[in-house]
Each structure stands twice: as C-alpha cells, then as structure tokens.
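Spelled out from the first residue to the last, the chains are:
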Amino acid sequence: MSLRLGTRGSALALAQSGLVAAAVEQATGRKVELVEIVTPGDRSAAPVQQLGVGVFVSALRDALLAKDIDFAVHSYKDLPTAPAEGLVIAAIPPREDARDALVARDNLTLTELPTGARIGTGAVRRIAQINALRLGFELVPIRGNVDTRISKVTSGELDAVILARAGIVRLGRAAEITESLDPMLLLPAPAQGALAVECRAADLDLVAALAALDHPSTRAAVTAERALLAALEAGCSAPVAGLAEVTDDEEIYLRGGVFSPDGTDAIRLSATGTLTDAEGVGRRLAADLLADGANNVLGSAA
C-alpha cells in the first residue's frame with residue numbers, strides 16, 4: 001500500500017515534498033502519493049507576522065491526526081517551537097544552504113544597489129538587519145511564492161528581493177541569485193534551509209522507516225537554533241536570527257541575534273557546545289542574549 005505524503009500546493013512545497021518522497025521510496029521500497037492540503041496561510045494575503053506562528057502548518061497537522069495522510073513535509077522554520085501532541089519529527093534530511101539570497105536587477109550585489117533602491121522581503125528579521133546597514137534602501141514588505149517575488153524584480157516593480165537561498169535552489173533557479181548573503185551580514189532564521197518530516201508518534205514502523213532520512217548533524221544544528229528561539233519565547237516571524245554550524249571535531253558553534261525593526265538596536269552573541277547538548281547550547285545563548293537586554297529589543301519589535 002502506498003504512503004500518503006501531505007504537502008502544501010505551492011511550487012516550492014511540492015518540490016520539497018517530491019525530494020522527500022523520492023528518498024522515502026528509495027529507503028522503503030513503498031510508493032509515495034502526494035496529497036495537497038490547503039492551509040489558512042495559503043488563503044490569506046496578510047503579512048505572516050499578522051497571521052501567527054504555524055499558519056502554514058496547522059492544516060497539515062490536522063490531516064495527520066485525522067489519518068487523512070501518513071506523513072508531512074514542512075519547511076522547518078515554519079514550525080512552532082512547541083511540540084505537537086501525538087506527532088513526532090521522524091527525520092530532518094541534510095540541510096540546504098541556510099543563507100539568504102539576493103535577486104537583483106542588472107546582476108547587482110547588495111552593496112552595488114544605489115541609495116533609495118526598493119528591496120522586497122516579507123521577514124521582519126531581514127528588514128531589521130538590512131536597515132542596520134544604513135545603506136539608504138527602501139524595504140518593501142511582500143508575500144507570495146518564489147516566482148511571484150522574483151517577478152517583481154523582472155517587471156521593474158522592485159530593484160531586488162531577498163529570499164531564502166534554499167527555496168530558490170530547490171526550484172532549480174539558482175542561476176537567478178545575484179548574491180548569497182554572508183551570515184555575518186544577514187543572519188538567517190532559525191532552521192532556515194531545513195526540512196522536517198513529521199508523522200504520528202504511534203506509527204512506530206513508519207517512524208523507524210523515515211529515520212533512514214535523518215541527518216544527525218543537521219538535526220543537532222536545528223535543535224540548537226530552535227532551542228534558542230523557544231527560550232526567547234519568540235515565534236517564527238519574530239526578528240530573531242540563529243545559525244548553528246557543526247565543526248569537524250563535532251562541536252556546535254551557534255550564532256544568534258535579536259533586532260529592532262528599524263535596525264537601531266541589535267544584540268549578537270555566540271555559544272558553543274557538544275552535539276549531545278544541542279538544546280543546551282541554544283538555551284545558554286538565549287540566556288546570554290536576555291542578560292544583554294534581548295527582551296527590550298524584542299519588546300520594541302512587538
């Protein structure tokens with residue numbers, strides 16, 4: 001019997017789910033059928049920060065709990081940090097490049113764009129960090145799929161857009177990236193570039209089968225980043241950034257930051273630890289950020 005994989009209907013969601021479906025078929029020998037699920041976030045044009053955490057996730061989780069699908073694929077950065085009762089993240093496949101990417105007119109890089117250039121992005125985190133550079137750009141809030149956002153550049157409506165590099169690459173459009181932005185300049189969202197494969201915790205055979213897709217280093221890095229986010233009690237649309245890297249000697253190096261939307265206030269710190277203490281690394285970094293005034297910065301963002 002085939003497995004039913006729940007996915008949103010966007011081109012990116014289908015591409016991501018297709019990658020996972022192929023890997024599951026290879027690992028289990030079972031056919032995987034994609035089942036499209038429409039989420040509240042897909043029906044709304046409102047900014048993500050107004051829609052709330054988990055807006056792209058809830059319908060998929062409802063379908064899992066109702067046994068309409070067997071497992072689901074999420075962009076991990078969209079998931080609320082609190083665990084969902086009865087469900088488990090059975091696999092976190094190898095992560096795509098976590099950096100943000102610029103798609104600009106005339107193949108320009110960020111620093112080559114002129115003062116007053118109009119840059120589109122839907123993320124407060126990106127807006128805050130670009131504002132902090134004081135380059136005189138106009139930041140334009142946008143929503144929509146990757147094609148819709150990039151088309152605003154090709155049509156001349158915007159001079160550039162900033163998107164997660166992973167999504168552009170998974171859609172086969174990497175050639176359109178004019179600059180992959182250094183995390184020292186623009187720190188990504190926690191879990192950006194990672195996928196979460198979720199199923200019912202009681203489906204033990206499926207949990208075991210999906211575990212073949214799990215990538216331990218990616219899981220450790222994402223665990224540290226999301227522990228940081230959870231300890232700050234911030235949602236996926238808050239101006240919090242975090243990126244963990246696993247070193248050759250199997251240690252975690254986690255960088256994190258909180259920002260005010262206008263870029264005037266920012267706190268950036270880092271922490272290290274072992275792979276087995278990934279969650280602890282994130283919590284310790286959050287504590288350090290809070291000790292330096294992160295609550296005040298996040299309060300101004302709210």
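Since the model is a prediction, treat every value here as computed from it, not as a measurement. (Residues numbered from 1 in each chain as written. Predicted model: local features only at pLDDT ≥ 70, side-chain atom pairs only at ≥ 80, totals over all residues. Heavy atoms only, no water.)

1. Focus: the sheet that holds strand β6 (residues 118–120)
Now for step 1: Within the open sheet, the five strands sit side by side as β7-β6-β8-β5-β9. Their pairing is mixed. On the outer flanks of this sheet lie β7 (138–140) and β9 (179–180), each paired with one strand and no other.
Now for step 2: Looking at chain direction, strand β5 (residues 100–104) and β9 are connected through two bridges and run antiparallel. Paired with L102 across the strands is E179, a residue of β9.
Now for step 3: Contacting β5, β7 and β8 (160–164), helix α5 (residues 124–132) runs over the sheet at an angle of about 125 degrees to β8.
Now for step 4: In the packing of helix α6 (residues 146–154) onto the sheet, contacts are made with β5 and β8, and the angle to β8 comes to roughly 155 degrees. (Pairing = 2+ DSSP bridges. Helix = DSSP H or I, 4+ residues; strand = E, 2+ residues; numbered from the N terminus. Contact = heavy atoms within 4.5 Å. Axes fitted to C-alpha atoms, helices over the stretch in contact; angles between N-to-C directions.)

2. Some words on a negative patch on the surface
Now for step 1: A cluster of acidic residues, D248, D249, E250 and E251, forms a negative patch at the surface.
Now for step 2: Structurally, the position occupied by D248 is in the loop between β11 (240–246) and β12 (251–259). (Patch = residues over 30% accessible without salt bridge, like charges linked within 9 Å, V, L, I, M, F, W, Y side chains within 5 Å. Areas by Shrake-Rupley, 256 points an atom, 1.4 Å probe, with all protein chains shown as cover. Salt bridge = Lys/Arg side-chain N within 4 Å of Asp/Glu carboxyl O. Lys, Arg positive; Asp, Glu negative; His and termini not counted. Charge placed at Lys NZ, Arg CZ, Asp CG, Glu CD.)

3. Remarks on the sheet that holds strand β4 (residues 87–91)
Now for step 1: Within the open sheet, the five strands sit side by side as β2-β1-β3-β10-β4. Their pairing is mixed. Pairing within the sheet leaves two strands with one partner each, and these edge strands are β2 (32–36) and β4. In this sheet, neighbouring strand axes are inclined to one another by 35 degrees on average, regardless of whether the strands run parallel or antiparallel.
Now for step 2: Sheet topology places strand β3 (residues 71–75) next to strand β10 (residues 195–200); five bridges connect them, and they run antiparallel. Paired with F71 across the two strands is C199, which belongs to β10.
Now for step 3: Here helix α4 (residues 58–65) sits on the sheet in contact with β1 (3–7), β3, β4 and β10, set at roughly 165 degrees to β3.

4. Remarks on α5
Now for step 1: Within α5, seven of the nine residues are buried, which leaves the element mostly enclosed by the surrounding structure.
Now for step 2: Of the residues making up α5, those classed as buried are V124, R125, R126, I127, A128, Q129 and I130.
Now for step 3: Of the residues one or two after α5, R134 is the one with positive phi, at around 55 degrees. (Buried < 20%, exposed > 50% of the residue type's maximum accessible area, 1.4 Å probe, protein only.)

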